[in-house]
Amino acid sequence: SQSGCSLFPHSHYWIASKRIVTPQGIISGAVEIKGGSIVSIVKNKDWSGKFKQVVDYGNAVVMPGLIDVHAHLDDPGRAEWEGFPSGTKAAAAGGITTLIDMPLNNFPSTVSTETLKLKIEAAEKSIYVDVGFWGGLVPENAFNATALEALLDAGVHGLKSFMCPSGIDDFPMTDASHIKSGLSVLAKYKRPLLVHSEIQSVVESHLETEDGGGDPRSYSTYLKTRPPSWEEAAIRELLTVTKDTRSGGPAEGAHLHVVHLSDASSSLDLIKEAKRRGDSITVETCPHYLAFSAEEIPDGDTRFKCAPPIRDAANKEKLWNALMEGDIDMLSSDHSPTVPELKLLNDGNFLKAWGGISSIQFVLPVTWSYGQKYGITLEQLVSWWSERPAKLAGQHSKGAIAIGNHADVVVWEPEVEFDLNEDHPMFVKNPSISAYIGKRLSGKVLATFVRGNLVYKEGNHAFAACGSTILAT
Ligand SMILES: NC(=O)N[C@H]1NC(=O)NC1=O
Ligand SMILES: [Zn+2]
Ligand SMILES: [Zn+2]
């Protein structure tokens, strides 16, 4: 193993299994890996006896590694919340082989070539999976095409902005005019804009008072402060600019991606309508919106606080249906951890606690476990977690078990159940803030390969951090 990059000391080998998920279907066979890439895929038992280095995983599933297009690793500046080493180790333990890091929660925010340089420096030699970066679209750079072009030239895969306060002082919100301007620059680069789509409006008596108009420990008080109409208002506004992305339109080539959709009613209907009329738009939701519902969140349990909020069980059901129908395109973690003190776990004040779910290492078993009821397939998992995220982030050599692609692979046992309790090795920096503790999940990750390096194997991580920073060109 080249200086500890891999737990498996070979660069030319075969991964065999009876369940390999390929774009042509699930096959029994072996994937040949050489120099970090997939060089051949052989079906059935053709491989037996012929090859020297075969890792035979039997009936375990071999899939492309997950690509998480929405993770907040908070290096540099807030490494005590999450850092590149801890965040990417957690990712590897969960079968994620690539993540695209959000431009905020680190300090300073990634909004310029100088701040991107700080990100890249912090990531180099401290990442266990591949990491790319989104840049921030903020009022300061939105009308400065030269600055945006410089940031895109420096390698961000696209831009991200907020239509409401982000909770981070040096990442102010944008309005439709900033977004329109950003999209016109992105069109030239054919890269996407990701938008946190909530527009704050005064909700009856709430928000006006410090206590939100109700008991701050009660989840329903928090839920009322961020109604579905906030998402709907943002998406309505966004669609006035996404019409420019239609073929022949002034921003043709640009693409708008709505992050972490929670409202599966009017907001989703608007997105469906925009897709029908040809706007270049996609939407993601996150496992926490698919696993939890407002009814079951205990009062004072701020581990579940996120924005937009987790809504009721009927909404969750509609999110699943939308995912199954293909109206929601993909999944992401929105891993947004902080330190336990800022989650106010003792106070349980939903209005003051940090909003963000900490979950990156559990997204595969969570999606699989909660999806059983809907009959989800391995192919759907790959589409939501690998193929479509790869396309959004412009990663043409990732997201599928295919010849020529990077050997980014997760090996897992969907049928193996485990309890997420204190005995479970969490691979998380601050286990007390994870919303999934106490759950029984199905789907155990056995091994994670990044560009052919075995970076995680049953509780153990490779010694050296040999993930690559991936820059857009
Ligand atoms: N700044 C930040 O990470 N915000 C995230 N947290 C959350 O719950 N929703 C978000 O957008
Ligand atoms: Zn967000
Ligand atoms: Zn986020």
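Residues numbered from 1 in each chain as written. Chains lettered and ligands numbered in written order. Predicted model: local features only at pLDDT ≥ 70, side-chain atom pairs only at ≥ 80, totals over all residues. Heavy atoms only, no water.

An unreviewed UniProt entry lists the protein under the name allantoinase, from Gossypium hirsutum. Among the UniProt annotations of the protein, the heading Function (unreviewed entry) holds the following wording: "Catalyzes the conversion of allantoin (5-ureidohydantoin) to allantoate by hydrolytic cleavage of the five-member hydantoin ring. Catalyzes the first step of the ureide allantoin degradation followed by the sequential activity of AAH, UGLYAH and UAH which allows a complete purine breakdown without the intermediate generation of urea." Here is the UniProt Sequence similarities (unreviewed entry) comment for the protein, exactly as written: "Belongs to the metallo-dependent hydrolases superfamily. Allantoinase family." (UniProt positions renumbered as here; feature names shortened; annotations may be inferred.)

> Would you explain the overall build of the protein in this entry?
When helices and strands are counted, the protein shows 13 helices and 18 strands. For 473 residues, the compact-globule estimate of 2.2 N^0.38 gives 23 Å, and the protein sits close to it at 21 Å. Taken across its 473 residues, the protein has 62% of its residues classed as buried. Across the protein, every contact between residues at least 6 apart in sequence was considered, and the portion connecting residues at least 24 apart equals 77%. The average position of the 44 basic charges and that of the 57 acidic charges among the side chains of the protein differ by 6 Å. (Helix = DSSP H or I, 4+ residues; strand = E, 2+ residues; numbered from the N terminus. Rg over C-alpha atoms; globule rule 2.2 N^0.38 Å. Buried < 20%, exposed > 50% of the residue type's maximum accessible area, 1.4 Å probe, protein only. Contact = heavy atoms within 4.5 Å. Lys, Arg positive; Asp, Glu negative; His and termini not counted. Charge placed at Lys NZ, Arg CZ, Asp CG, Glu CD.)

> How should I be thinking about the coordination of the zinc ion (ligand 2) in this particular structure?
Each pair of donors in an ideal four-coordinate tetrahedral metal site encloses 109.5 degrees, whereas pairs in an ideal six-coordinate octahedral site enclose 90 or 180 degrees. Within the protein, H196 (ND1) and H260 (NE2) serve as the donor atoms for the zinc ion (ligand 2), at 2.1 Å. Separating the zinc ion (ligand 2) and the zinc ion (ligand 3) is a distance of 3.6 Å. Residue H196 is found in strand β11 (residues 192–196), and its partner H260 is found in the loop between β12 (255–258) and α8 (266–276); the two are separated by 64 residues along the sequence. H260 gets classed as buried once you look at its relative accessible area, which sits at 2%. (Donors = N, O, S within 2.8 Å, 3.2 Å for Na, K, Ca; no water.)

> Help me out: how do you make sense of the coordination of the zinc ion (ligand 3) in this one?
Those donors, H70 (NE2), H72 (NE2) and D334 (OD), are the protein atoms that reach the zinc ion (ligand 3), and they lie 2.1 to 2.2 Å from it. Expressed as a motif, the donor residue spacing for the zinc ion (ligand 3) is H-x1-H-x261-D. For H72, a relative accessible area of 4% translates into the label buried.

> Just to check I follow, could you spell out the layout of surface pockets for this structure?
With a probe scaled to a water molecule rolled over the atoms, the places where space remains empty come into view. In this model, the second largest pocket occupies a volume close to 630 Å³. For the lining of the second largest pocket, the leading source of residues is helix α13 (residues 378–392), giving 5 residues. Classifying every residue of the lining of the second largest pocket gives 9 nonpolar, 9 polar and 7 charged. (1 Å grid on protein atoms, 1.4 Å probe; cavity = no way out; pocket = protein on both sides within 12 Å on 5 of 7 lines; lining within 4 Å. Points joined across faces, edges and corners; volume = space filled by probe spheres on them. Nonpolar A, V, L, I, M, F, W, Y, C, P; charged D, E, K, R; others polar.)

> Explain the packing of aromatic side chains to me, please; I cannot follow it from the model alone.
Centre-to-centre distance and the angle between the planes together describe a pair of aromatic rings. Following the criterion strictly, the structure yields 13 aromatic pairs and no others. Taking 6.5 Å as the distance between ring centres and 90 degrees as the angle between the ring planes, the aromatic pair formed by F84 and F133 counts as edge-to-face. Highlighted residues: F84 in helix α1 (residues 84–93) and F133 in strand β8 (residues 130–133), separated in sequence by 49 residues. Each ring, one from Y222 and one from F350, has its centre 6.3 Å from the other, and the planes form 15 degrees; the classification is stacked. Separated by 128 residues along the polypeptide, Y222 in helix α6 (residues 219–225) and F350 in the loop between α11 (340–343) and α12 (363–371) bring together distant segments of the chain. Pair check on accessibility: Y222 and F350 agree, each one buried. (Phe/Tyr/Trp six-rings, centres within 6.5 Å; stacked < 30°, edge-to-face > 60°.)

> Explanation requested: the sheet that holds strand β14 (residues 330–331) in the structure shown.
Whether parallel or antiparallel, the strands of a sheet pair through hydrogen bonds between backbone atoms. What the 6 strands build is an open sheet, ordered β9-β10-β11-β12-β13-β14; its pairing is parallel. Pairing within the sheet leaves two strands with one partner each, and these edge strands are β9 (135–136) and β14. Pairing of β9 with strand β10 (residues 159–162) involves 2 bridges; the strand directions are parallel. Considered in β10, the bridge of G135 is made with L159. Sheet strands in contact with helix α7 (residues 228–242) are β11, β12 and β13 (281–285), and its direction is about 170 degrees off that of β12. Along the sheet, α8 contacts β12 and β13; its crossing angle with β13, the most-contacted strand, is approximately 150 degrees. (Pairing = 2+ DSSP bridges. Axes fitted to C-alpha atoms, helices over the stretch in contact; angles between N-to-C directions.)

> Please clarify how the environment of S397 should be interpreted in this entry.
In this fold, S397 is placed in the loop between α13 and β15 (409–419). Once the C-alpha coordinates of S397 and G278 are considered, the two residues, 119 residues apart in sequence, prove to be 27 Å apart. Apart from the residues lying within four places of it in its own chain, the contact partners of S397 are N405 and H406.

> Whenever I open this one, the site of ligand 1 confuses me. Can you help?
Around ligand 1, the structure places 14 residues, and the nearest of them are N105, H196, A307, S336 and G355. Interatomic distance of 3.2 Å between a backbone N/O atom of S166 and a nitrogen atom of ligand 1. Within the contact set of ligand 1, an oxygen atom lies 3.5 Å away from a side-chain nitrogen or oxygen of H260. Coverage of ligand 1 by the protein chains reaches 97% of its 290 Å² of free accessible surface. (Near = heavy atom within 4 Å. Polar contact = N/O pair within 3.5 Å; in protein donor to acceptor, adjacent residues only side chain to side chain. Areas by Shrake-Rupley, 256 points an atom, 1.4 Å probe, with all protein chains shown as cover.)

> Explain the packing of α7 against α8 to me, please; I cannot follow it from the model alone.
To characterise two packed helices, one gives the angle between the axes of the helices and the distance between these axes. Look at α7 against α8: their axes get within 8 Å of each other, and the N-to-C directions meet at 20 degrees. As the angle between them shows, α7 and α8 are arranged roughly parallel. Every pair of crossing elements has a handedness; the one defined by α7 and α8 is left-handed. On α8, the residues touching P228, E231, E232, I235, R236 and L239 of α7 are S266, S267, L270, I271 and A274. The residue inventory of the contact of α7 with α8, partitioned by class, reads 6 nonpolar, 2 polar and 3 charged. (Parallel < 35°, antiparallel > 145°, perpendicular 65-115°, else oblique. Left-handed = near helix turned anticlockwise from the far one by under 90°.)

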